[in-house]
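# Geometric and topological summary
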Amino acid sequence: MFGLLINPRPHQDESLLGYLQRLAKANGLPRKELLTAFARADETDVADWLQMMEGPLSWPAVSAEFRDPRPKGVKLWTTHHARYCPICLGEAGYWRESWGLTLVTTCSVHGTELHGRCPNCLKETDPSAMSANSCQACGTSLSGTNFEIAPASDTAAWLTSGFEDRFYADSLPADAGLAALTYEQFHELSSRLAVRSLPTERTQPLKVADSGSLGMV
Ligand SMILES: [Zn+2]
Ligand SMILES: [Zn+2]
């Protein structure tokens, strides 16, 4: 689709937006140019490219969200904000796809909270940071161990492993129940619970969530 000379292989759990910017860098292109080309490309060209790349699982869904963002609700994938683990970035050098899941806020490798801002200028990090693993506003590096590290809370870590287990599992258990939910269904359920626990809910009568759309048996 891009007709580029250098096409590095994606890591098995690499973020699509992280990869595209790594691809731009490898070919000496401005990151924006490649991202814009990807956003505006023909639907069939993108589908062909995704199939040819045999990239990580999240790529088709993130590609759809990036090219045509859905306006409402708690999105499964976040494409305008980029969270990161500075230790992982320092060790592995690339952005993991699971950090792009809206409800994933911790690093499962290090058991810590993900960062969402530049440690220096405190600007919220967006995908432009993936281009050089640094803050685009002030140039501060986002990788390394020289960061304030907060351990993940049990709930947040549970949520992260809930997603990653489903994401990377070869097959889901055959019996019904929580364990048998796909990661999309797990997101649906978790985001309802999260919305339900907001303080504003106290002023409204509680309704039983409609679990029909979860497709549970
Ligand atoms: Zn990490
Ligand atoms: Zn900064």
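Report on the accompanying structure. (Residues numbered from 1 in each chain as written. Chains lettered and ligands numbered in written order. Predicted model: local features only at pLDDT ≥ 70, side-chain atom pairs only at ≥ 80, totals over all residues. Heavy atoms only, no water.)

What follows deals with the coordination of the zinc ion (ligand 1). The coordination sphere of the zinc ion (ligand 1) contains the protein donors Cys85 (SG), Cys88 (SG), Cys107 (SG) and His110 (ND1), at a distance range of 2.1 to 2.4 Å. Here the zinc ion (ligand 1) binds four donor atoms, and the angle range of 103 to 117° at the metal identifies the geometry as tetrahedral. (Donors = N, O, S within 2.8 Å, 3.2 Å for Na, K, Ca; no water. Tetrahedral: all angles 85-135°; square planar, octahedral: opposite > 155°, others 65-115°.)

Time to look at the coordination of the zinc ion (ligand 2). Taken together, the protein donors to the zinc ion (ligand 2) comprise Cys118 (SG), Cys121 (SG), Cys135 (SG) and Cys138 (SG), at separations of 2.3 Å. Classification of the site at the zinc ion (ligand 2) as tetrahedral follows from its four donor atoms and the range of 103 to 118° in their angles at the metal. In primary-sequence terms, the residues that donate to the zinc ion (ligand 2) follow C-x2-C-x13-C-x2-C. A residue pair is termed long-range when its members are at least 10 positions apart, and Cys118 in the loop between β2 (112-113) and α6 (154-168) and Cys138 in the loop between β2 and α6 qualify at 20 residues. (Helix = DSSP H or I, 4+ residues; strand = E, 2+ residues; numbered from the N terminus.)

So, about the packing of helix α3 (residues 43-53) against helix α4 (residues 59-67). Two numbers describe how α3 lies on α4: the axes approach to 11 Å, and their chain directions differ by 150°. Classed by the angle they form, the pair α3 and α4 counts as roughly antiparallel. Crossing angle aside, the handedness with which α3 passes α4 is right-handed. Along its contact with α3, which presents Glu43, Val46, Trp49, Leu50 and Met53, the element α4 presents Trp59, Pro60, Ser63 and Arg67. Grouping the amino acids of the contact of α3 with α4 by side-chain chemistry returns six nonpolar, one polar and two charged. (Axes fitted to C-alpha atoms, helices over the stretch in contact; angles between N-to-C directions. Parallel < 35°, antiparallel > 145°, perpendicular 65-115°, else oblique. Left-handed = near helix turned anticlockwise from the far one by under 90°. Contact = heavy atoms within 4.5 Å. Nonpolar A, V, L, I, M, F, W, Y, C, P; charged D, E, K, R; others polar.)

Turning our eyes to something else, we now look at the packing of aromatic side chains. Tallied over the full model, the rule gives 16 aromatic pairs. For the pair Tyr19 and Trp49, a centre-to-centre distance of 6.4 Å together with 40° between the ring planes defines the contact as tilted. Highlighted residues: Tyr19 in helix α1 (residues 16-26) and Trp49 in helix α3, separated in sequence by 30 residues. Residue classification places Tyr19 among the buried positions, given a relative accessible area of 0%. (Phe/Tyr/Trp six-rings, centres within 6.5 Å; stacked < 30°, edge-to-face > 60°. Buried < 20%, exposed > 50% of the residue type's maximum accessible area, 1.4 Å probe, protein only.)

Before going further, it helps to spend a moment on the pattern of salt bridges. Taken as a whole and judged by the stated rule, the model has five salt bridges. Its salt-bridge partner being Asp126, residue Lys123 comes within 3.7 Å of it at the nearest N-O pair. For Lys123, a relative accessible area of 39% gives the class partly exposed. Residue classification places Asp126 among the partly exposed residues on the basis of a relative accessible area of 24%. (Salt bridge = Lys/Arg side-chain N within 4 Å of Asp/Glu carboxyl O.)

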